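# Overview (structure and organization)
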Amino acid sequence: TVLVVDDQDLVRSAAVAALKREGYNLLEAANGADGLKVTLQEKPHLVIADTVMPRMDGYEMFRAIQANLEIKHIPVIALSSKSTAEEEAKLLEMGYFDFIAKPINPVRLVARIRHALRIIYGTSPPPR
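Residues numbered from 1 in each chain as written. Predicted model: local features only at pLDDT ≥ 70, side-chain atom pairs only at ≥ 80, totals over all residues. Heavy atoms only, no water.

A few words on the pairing of strand 5 (residues 98–101). Alignment of strand 4 (residues 76–80) against strand 5, held across four bridges, turns out to be parallel. Among the inter-strand pairings, Ala-78 is bridged to a residue of strand 5, identified as Phe-99. Each parallel crossover has a hand, and the one from strand 4 via helix 4 (residues 85–94) to strand 5 is right-handed. (Pairing = 2+ DSSP bridges. Helix = DSSP H or I, 4+ residues; strand = E, 2+ residues; numbered from the N terminus. Right-handed = clockwise from strand over helix to strand, strands pointing away.)

Listed below in structure tokens is the structure:
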């Protein structure tokens, strides 16, 4: 199960469609506050979150996930329109599992998700 958190409907829909084609269970949220709530309730195997959103941005949501022992093990991949090497380095330094630049390339997205899940859960499906 993968949670996609992005305030842009088009971006969120594109990510969800690409991952659904690969057979992933998908959850969605339109801002960091809702993303945090869904993460706490559903405990997805992976979260993909935009860094710039209203209500609660991706950075705040990530810090809240990291501060909660119940969900801090869930890897978070950052989505950002700021695709500089400095931004990527900052996000990885903060503890994000990975970084995907916008606009999202569906092939790259699926490859990064598959890679992340394989590193974290091995070749067997993740436990629920």
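Let us look at the packing of aromatic side chains. Applying the stated rule across the entire model yields one aromatic pair. A ring pair is formed by Phe-62 and Tyr-96, whose centres lie 4.0 Å apart and whose planes are at 15°; its orientation type is stacked. Of this pair, Phe-62 sits in helix 3 (residues 58–67) while Tyr-96 sits in the loop between helix 4 and strand 5, placing them 34 residues apart in sequence. Overall, the relative accessible area of 2% leaves Phe-62 in the buried class. (Phe/Tyr/Trp six-rings, centres within 6.5 Å; stacked < 30°, edge-to-face > 60°. Buried < 20%, exposed > 50% of the residue type's maximum accessible area, 1.4 Å probe, protein only.)

This paragraph deals with the pairing of strand 1 (residues 2–5). Alternating residues of strand 1 divide into Val-2 and Val-4 and Leu-3 and Val-5, and every residue in both groups is buried. Judged from the four bridges that link them, strand 1 and strand 2 (residues 26–29) form a sheet pairing that is parallel. Of the residues in strand 2, the one forming a bridge with Leu-3 is Leu-27. Remark: the strand 1/helix 1 (residues 9–21)/strand 2 crossover connection has right-handed handedness. Summarising the sheet, strand 1 and strand 3 (residues 46–50) pair through four bridges and their orientation is parallel. By the bridge assignment, Leu-3 is partnered in strand 3 with Val-47.

Considering all chains together, one arrives at nine salt bridges under this definition. In this structure, Glu-28 and Arg-12 form a salt bridge, with 3.1 Å as the shortest nitrogen-oxygen distance. One end of the pair, Glu-28, is in strand 2; the other, Arg-12, is in helix 1, with 16 residues separating them in the sequence. Through salt bridges that share partners, Asp-6, Asp-50 and Lys-102 make up one connected network. (Salt bridge = Lys/Arg side-chain N within 4 Å of Asp/Glu carboxyl O.)

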